[in-house]
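Understanding the architecture of this molecule
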Amino acid sequence: MPPKNKGAAARAKPAEPAKPGPPEKPQTIKELEWQWYYNTNPYQKAYEQSGLDGMTPADRQSYLNQEYLKPGLAKTLSNKAQKELWKQLNEANVPLRSLPRPRDNQWGRDKNGRDVGDYTVEEYKEYRAKERRLLLLSQDSWFFKRKHSRARYADQSPLNDTEKHLVLAEGDIETERVRRKEMAQLKQQLYGVRSNRYAEDPDWDDVIPIPQEDTEGALAAIAYPDEYAEAMSILRSVMAAKEYSPRCLKLTEHIISMNPAHYTVWIYRFSIIEALNISIPDEIEWLNEIALMYIKNYQIWNHRNHLIDHYYPAIVTSPDDLAALANSEKKFLDDMLQLDTKNYHVWSYRQYLVRKLGLWGEAELKTVEVMINDDVRNNSAWSHRFFVVFSDTSYSTPDSHATEHDPKIPAEIIDREVEYAKTKILLAPQNQSPWNYLKGVLCKGGRKMGTVGEFAEQFVENLGNEETEKVRSSHALDLLADAYKESGETDLARTALKRLGEKWDRIRRGYWEYRSSLLDTDQS
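Procedures and definitions
- The written sequence of each chain sets the order in which its residues are numbered from 1.
- Local features in this predicted model are restricted to residues of pLDDT 70 or higher, and side-chain atom pairs are both shown and tallied only at a pLDDT of 80 or more, whereas totals for entire chains, interfaces and linings draw on every residue.
- Values shown for side chains rest on all heavy atoms present in the structure; no hydrogens or waters enter the calculation.
- When two rings of Phe, Tyr or Trp (its six-membered ring) have centres within 6.5 Å they constitute a pair, described as stacked for plane angles under 30 degrees, edge-to-face for angles over 60, and tilted for the intermediate range.
- Starting at the N terminus, helices and strands are each numbered in turn, a helix being any DSSP run of H or I of at least four residues and a strand any DSSP run of E of at least two.
- Under the scheme applied here, a residue whose accessible area is under 20% of the maximum for its type counts as buried, over 50% as exposed, and between as partly exposed, the area being computed with a 1.4 Å probe on protein chains only.
- Cation placement over rings: the criterion is NZ of Lys or CZ of Arg within 6 Å of the ring centroid and within 35° of the ring normal.
- Note on contacts: a residue pair qualifies if any of its non-hydrogen atoms lie within 4.5 Å across the two residues.
- pLDDT measures how confident the predictor is about each residue, on a scale from 0 to 100.
- Charge convention: Lys and Arg are scored as positive, Asp and Glu as negative, and His as well as the terminal groups of each chain are ignored.
- The salt bridge definition used is simple: a Lys or Arg side-chain nitrogen within 4 Å of an Asp or Glu carboxyl oxygen.
- For every element, the axis is a line fit to its C-alpha atoms; helices are fit only across the contacting stretch, and the angle between N-to-C directions ranges from 0 to 180 degrees.
- Note on terminology: angles under 35 degrees are roughly parallel, angles over 145 are roughly antiparallel, angles of 65 to 115 are roughly perpendicular, and the others are oblique.
- Two helices that cross are described as forming a left-handed crossing if the nearer one is turned anticlockwise from the farther one by less than a right angle, and a right-handed crossing if clockwise.
- Three categories are distinguished: nonpolar for Ala, Val, Leu, Ile, Met, Phe, Trp, Tyr, Cys and Pro, charged for Asp, Glu, Lys and Arg, and polar for the others, with Gly belonging to the last.

As a further point, take the packing of aromatic side chains. For the coordinates displayed, the defined rule picks out 22 aromatic pairs. On the basis of an interplanar angle of 40° and a centroid distance of 6.0 Å, the ring pair of W435 and F455 is categorised as tilted. Here F455 lies in helix α20 (residues 453–457) and W435 lies in helix α19 (residues 432–445), a separation of 20 residues in the sequence. When sorted by exposure, W435 lands in the same class as F455, which is buried. When the ring centre of Y38 is taken as origin, the NZ or CZ atom of K45, which lies over that ring, is 4.4 Å away.

Written as structure tokens, this is what we have:
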């Protein structure tokens with residue numbers, strides 16, 4: 001109960017608390033909160049600084065009286081004491097309501113770990129405005145999901161009169177898409193939460209993702225990026241449902257952009273193209289851009305093979321369409337080979353295309369000849385020339401092996417290719433490619449190596465004489481070893497192989513010794 005004042009002292013007004021100077025403007029929310037606290041608890045700071053003994057009697061009385069403002073405490077006094085209490089509180093201008101004492105970290109921390117209480121007033125206003133905006137958008141989005149979910153089953157179960165508010169109006173889906181993008185941005189700004197692009201898109205609301213299930217305690221669990229893991233979860237779901245739709249085609253495009261070597265995604269994409277009868281030229285145009293970004297990717301070229309196989313029956317009776325396809329494909333392959341003249345996938349696909357579209361003949365031969373002229377050591381170009389010349393269905397034996405004699409090959413073609421190889425050998429005698437090509441031509445023509453022995457001997461002088469021996473091409477010496485063996489000159493063949501292992505190609509000494517041992521086997 002507050003103490004009673006008697007006589008004149010009872011009629012005297014308590015002294016006003018000392019008026020402090022104008023308070024400093026708070027710079028942060030925390031400072032503003034403390035200012036509010038002290039404004040609603042005007043004698044608290046004096047108490048904290050001086051204690052009860054150091055306070056003036058009037059301040060002390062007001063401080064103690066204020067304690068009775070806490071819920072329920074005033075009712076513990078008699079009616080007379082309560083009247084006296086309210087009188088003294090009114091005279092001292094004590095606020096009837098006071099804020100609780102601020103707690104440490106009561107504002108929480110933002111996405112960067114910063115105490116929100118350290119925000120400036122303006123920063124906090126902006127922060128709270130974003131939170132309110134996110135809450136409003138979330139409420140609107142929740143209502144949209146109700147309408148969208150109901151709309152999917154409207155055909156089987158039409159809306160009744162009590163569900164008219166669930167009608168999905170034109171433009172609602174696009175509005176929701178924009179809304180979710182804004183929500184994603186706000187979540188990122190406020191909480192550092194990166195949103196799932198498929199969760200943002202209403203078109204995927206009906207898909208339940210199937211996440212990756214790694215074995216518990218796996219020694220080498222793959223740490224997939226979030227974006228990739230989310231897209232793959234959607235892919236598993238639509239593949240399990242055997243869905244082939246435009247949205248699934250876009251899904252495969254997204255995953256391929258993150259992992260172009262994902263074989264399963266390419267197979268699924270082709271299944272969608274077949275199911276939807278999508279334009280193959282359009283798909284090839286898209287594929288060209290991917291191939292130019294990932295020039296050593298096998299799956300891209302495997303997909304291209306599938307596309308051509310699928311497209312070919314539809315245009316096989318149209319010479320114009322076949323010619324257009326051939327021209328566009330060859331132009332693209334030329335562009336690819338400009339980036340990498342020895343790209344195995346490109347050359348392999350070119351062989352497939354030549355065989356599929358029947359592109360044998362002079363035009364293809366001229367193309368590869370230009371590439372050999374540019375780089376006589378381009379073994380890929382030499383291999384393609386061999387394929388074009390000796391697999392031409394107009395005169396070769398079908399499925400004839402590359403290293404077996406084909407009696408159907410005209411002699412004039414064999415002569416032409418022998419001379420072509422000789423010409424290129426003279427440009428770079430130590431270049432293995434034309435020597436291998438020459439051997440292959442002779443094999444296809446059923447001719448012995450000795451038929452070019454005189455040509456090869458010009459690159460070898462004084463064989464076996466260690467002092468005067470001179471070899472300008474180890475590949476010529478290799479061919480001569482075969483020629484000597486064919487003609488029964490075993491000693492000369494052995495000498496050639498020995499000198500290759502001892503001096504002219506020592507890195508493959510074991511191979512030459514093995515070849516030499518075969519001479520004895522053949523003799524026996």
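Read on for the rest.
Among the structural elements, S400 can be located in the loop between α17 (379–390) and α18 (411–427). When neighbours within four sequence positions are excluded, S400 is seen to be in contact with D406 and K444.

All right, on to the confidence of the model for the protein chain then. Any residue range with low pLDDT should be treated as having predicted coordinates unsuitable for detailed reading. For the protein chain, per-residue confidence averages 88 on the pLDDT scale, and 92% of positions sit at 70 or higher. Across residues 6–10, where pLDDT falls below 50, the model places 1 contact with residues more than four positions away in sequence or in other chains.

Mapped onto the elements of the fold, D392 is located in the loop between α17 and α18. Buried and unpaired, D392 has no salt bridge, with R416 as the nearest side chain of opposite charge at 8.0 Å.

Two measures define how a pair of helices packs: the angle their axes make with one another and the distance between the axes. Between helix α16 (residues 362–374) and α18, the least distance of the axes is 12 Å, while the angle of their chain directions is 20°. The pairing of α16 with α18 is recorded here as roughly parallel in orientation. Along this stretch, α16 crosses α18, giving a crossing that reads as right-handed. The residues of α18 that touch α16, namely those facing L365, E369, I372 and N373, are R416, Y420 and K424. Here the residues of the contact of α16 with α18 are counted per class, giving 3 nonpolar, 1 polar and 3 charged.

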